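Chains, contacts and geometry: an overview
The chain contents come next:
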Amino acid sequence: MGMAADEIVAMIRAALPDAEVTVTDLAGDGDHYAAHVVSPAFAGLTRIAQHKAVYAALGGRMGGVLHALQLTTAVPKSLS
Amino acid sequence: MSQTTSSNARIAEIVTSNDVVLFMKGTPLFPQCGFSSRAVAILERLGVAYASVDVLQDMEIRQGIKEFSEWPTIPQLYVKGEFVGGSDIMMEMFEAGELEQLVTEAGVARA
């Protein structure tokens, strides 16, 4: 059980349309992912707030069907 | 007292009575999840004294901490009563030297 990488990318982009989203399937099992999300919308937000924005985009799946998602967030270099 | 109220009160007590506390799956010696294991490794590297709560032994806290912190996953780190983040944020902060800065400024005891 889990989510497809494409599905994760699509959900994040639906909530953060200008985000660059890279999702890596860490174990090749469709269950352990790393996501890197870069968005201008993160400017001025704390790391906690940036991560919460991504978790919100995933609509409650984080900690549920999505057990193992390593997340890193950043503001685009041009803005930081 | 409703269940939420009682778990909130218990969690508030835990995070205020310990300078550094990690809510995790398993124990520092036997973490039961890769993310909890990573969080423990970071705290060990940092060399701070910390308390840990095994949420697998306490269903009320396991659910309650997610609502208390408004954060969907475990582990969760608190320093001086403030929610710091989960293992990803801990790692980012550790690598940037910000976790060191945080515990130094908070005047946390070293292990």
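Here is a short report on the structure shown in this document.

Counting secondary structure elements, chain A contains 2 helices and 3 strands. Reading chain A from its N end, one meets helices and strands in the order α-β-β-α-β. Relative to its length of 80 residues, chain A is compact, with a C-alpha radius of gyration of 12 Å against a globular reference of 12 Å. With respect to the principal axes defined by its C-alpha atoms, chain A has extents near 35 × 20 × 20 Å. Relative to its full complement of 80 residues, chain A shows a buried share of 26%. By sequence separation, contacts in chain A at least 24 residues apart represent 52% of the contacts at least 6 residues apart.

In terms of regular secondary structure, chain B is built from 5 helices and 4 strands. Starting at the N terminus, the α and β elements of chain B follow one another as α-β-α-β-α-β-β-α-α. A compact globule built from 111 residues would reach a C-alpha radius of gyration of about 13 Å, and chain B, at 13 Å, matches this within 12%. Along the first, second and third principal axes, the C-alpha atoms of chain B reach 40 × 25 × 20 Å. Taking as baseline every contact in chain B between residues at least 6 positions apart, the subset at least 24 positions apart corresponds to 67%.

Turning next to unusual backbone geometry. Residues and elements named next belong to chain B. Here isoleucine 74 and proline 75 are connected by a cis peptide whose omega angle stands at 15°. Tracing the backbone shows proline 75 in the loop between helix H3 (59–69) and strand E3 (76–79). Positive phi, close to 50°, is recorded for glutamate 70, a residue that is not glycine. Along the chain, glutamate 70 turns up in the loop between H3 and E3. Overall, glutamate 70 belongs to the exposed group, with 10 C-beta atoms counted inside 10 Å.

Attention shifts here to helix H1 (residues 3–17) of chain B. One turn of the α-helix equals 3.6 residues, which is why residues spaced by three or four share an orientation. Taking 1.5 Å per residue as the helical rise, H1(B) with its 15 residues ought to reach 21 Å, and the 21 Å between its terminal C-alpha atoms agrees with that figure. On the buried face of H1(B), the contacting elements are strand E1 (20–24), H3 and E3 of chain B.

A word on the interface of chain A and chain B. Listed by partner, the interface residues are 9 residues for chain A and 7 residues for chain B. Among the elements of the structure, helix H2 (47–57) and strand E3 (68–74) of chain A are those that each provide at least two residues to the side of chain A that touches chain B. With 4 residues, the single largest contributor to the side of chain A that touches chain B is H2(A). A class-by-class count of the residues in the side of chain A that touches chain B yields 4 nonpolar, 4 polar and 1 charged.

It is worth spelling out the pairing of E1(B) at this point. Residue and element names in this part refer to chain B. Counted residue by residue, E1 has 5 buried out of 5 residues, so it is predominantly covered. In this structure, E1 lies alongside E3, joined through 4 bridges in antiparallel fashion. For valine 21, the partnering residue across the bridge sits in E3 and is tyrosine 78. Two elements, E1 and strand E2 (residues 51–54), share 4 bridges in a ladder whose sense is parallel. Each bridged residue has a counterpart across the sheet, and for methionine 24 the counterpart in E2 is aspartate 54. Each parallel crossover has a hand, and the one from E1 via helix H2 (residues 34–46) to E2 is right-handed.

Let's shift gears to the sheet that holds strand E4 (residues 82–85) of chain B. Sheets are built from strands paired through backbone hydrogen bonds, the pairs being either parallel or antiparallel. Residue and element names in this part refer to chain B. The strand order E2-E1-E3-E4 describes an open sheet built from 4 strands, whose pairing is mixed. The sheet is open, and its two borders are formed by E2 and E4, each paired with just one other strand. Strand-to-strand twist of the sheet, defined as the mean angle between neighbouring strand axes without regard to direction, takes the value 25°.

Conventions and cut-offs
- Chains are numbered independently. Their residues run from 1 in the order of the written sequence.
- The lettering of chains begins at A and the numbering of ligands begins at 1, in the order of writing.
- For this predicted model, a pLDDT threshold of at least 70 governs which residues receive local features, and a threshold of 80 or more governs which side-chain atom pairs are given and counted, while totals over whole chains, interfaces and linings are taken from all residues.
- The numbering of helices and of strands both runs from the N terminus, where a helix is a DSSP run of H or I of at least 4 residues and a strand a run of E of at least 2.
- Radius of gyration here is computed from C-alpha atoms only, and the compact-globule reference equals 2.2 Å multiplied by the residue count raised to the power 0.38.
- Any residue whose C-beta has 12 or fewer other C-beta atoms within 10 Å is treated as exposed, any with 20 or more as buried, and any in between as partly exposed, C-beta atoms being built from the backbone.
- A pair of residues counts as a contact when their C-beta atoms, built from backbone coordinates, are within 7 Å of each other.
- A helix is expected to span 1.5 Å multiplied by its residue count minus one.
- In this classification, Asp, Glu, Lys and Arg are treated as charged, Ala, Val, Leu, Ile, Met, Phe, Trp, Tyr, Cys and Pro as nonpolar, and every other residue, Gly included, as polar.
- Strand pairing requires that DSSP identify at least two bridges connecting the strands.
- The path from the first strand over the helix to the second decides the hand: if it runs clockwise while the strands point away from the viewer, the crossover is right-handed.
- Axis geometry follows a simple rule: fit a line to the C-alpha atoms, using only the stretch in contact for helices, then measure angles between N-to-C directions, giving values from 0 to 180 degrees.

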